[in-house]
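If you want the building blocks of each chain, they are given just below.
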Amino acid sequence: GFKIIYEEPALNLVVLVTNGPTSITLWQTDQPVQNNKHTASYPIFRTREAEKIKQSLQERGVKTDEVIDDGFVKYFFFYDPDGNVLEACQVHG
């Protein structure tokens, strides 16, 4: 659901607006990328409703993991079409 605010086809680059103070820049590459959610750096999106966001992503065909609630935060991992890991996190309180 993010909107494209800049696109540079010659560089295979796109910038997305997140409706907050942060944008996301994505590059397409033909180089091999190895993803591991336990060792990779990845964006974490703060949300007020983890369960609702997870459901919305699933309805759009996005692969998601189970929601984890550790008493402090409720979060889940999800994946872009290339398998890159992202996280949505709801802070309790």
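This report concerns the structure included in the present document. No experiment lies behind these values; they were computed from the predicted model shown. (Residues numbered from 1 in each chain as written. Predicted model: local features only at pLDDT ≥ 70, side-chain atom pairs only at ≥ 80, totals over all residues. Heavy atoms only, no water.)

### A few points about the side chain of Lys74
Here is the rule: Segments assigned H or I by DSSP are reported as helices when at least four residues long, segments assigned E as strands when at least two residues long, and all are numbered from the N terminus. Remark: exposure states derive from per-residue accessible area (1.4 Å probe, protein chains only) relative to the maximum for the residue type, with buried under 20%, exposed over 50%, and partly exposed in between. In this charge count, Lys and Arg are treated as positive and Asp and Glu as negative; neither His nor the chain ends contribute. Every case where a carboxyl oxygen of Asp or Glu lies within 4 Å of a side-chain nitrogen of Lys or Arg is listed as a salt bridge. Contact definition: two residues touch when any of their heavy atoms are within 4.5 Å.
When you line up the elements, Lys74 lands in strand β7 (residues 73-79). The side chain of Lys74 is buried and forms no salt bridge, while Asp69, the nearest opposite charge, is found at 4.3 Å. The residues touching Lys74, leaving out its near neighbours within four places in the chain, are Ala50, Glu51, Val67, Ile68, Asp69, Ala88, Cys89, Gln90 and His92.

### Some details on the sheet that holds strand β3 (residues 23-27)
Applied cut-off: Two strands are said to pair when DSSP picks up at least two bridges between them. Axis definition: a line fitted to C-alpha atoms, limited for helices to the stretch in contact. Angles are taken between N-to-C directions and run from 0 to 180 degrees.
With antiparallel pairing, the three strands of this open sheet are ordered in space as β1-β2-β3. The sheet terminates laterally at β1 (3-8) and β3, the two strands that pair on one side only. Each neighbouring strand pair of the sheet contributes to a mean axis angle of 20 degrees, computed without reference to strand direction. The pairing of strand β2 (residues 13-17) with β3 spans five bridges and is antiparallel. Each residue of the ladder has a partner; that of Val17, found in β3, is Ser23.

### Brief notes about helix α1 (residues 50-59)
Quick note on the threshold: In this description, one arc is meant: the one made by directions from the helix axis to the C-beta atoms.
Looking only at α1, the buried set comprises Ala50, Lys54 and Leu57. Down the axis of α1, the buried set is contained in an arc of 65 degrees. They therefore lie on one face. The exposed residues of α1 that point more than 90 degrees off its buried face are Lys52 and Glu59. If you follow the buried residues of α1, they end up packed against β5 (63-64), β7 and β8 (85-91).

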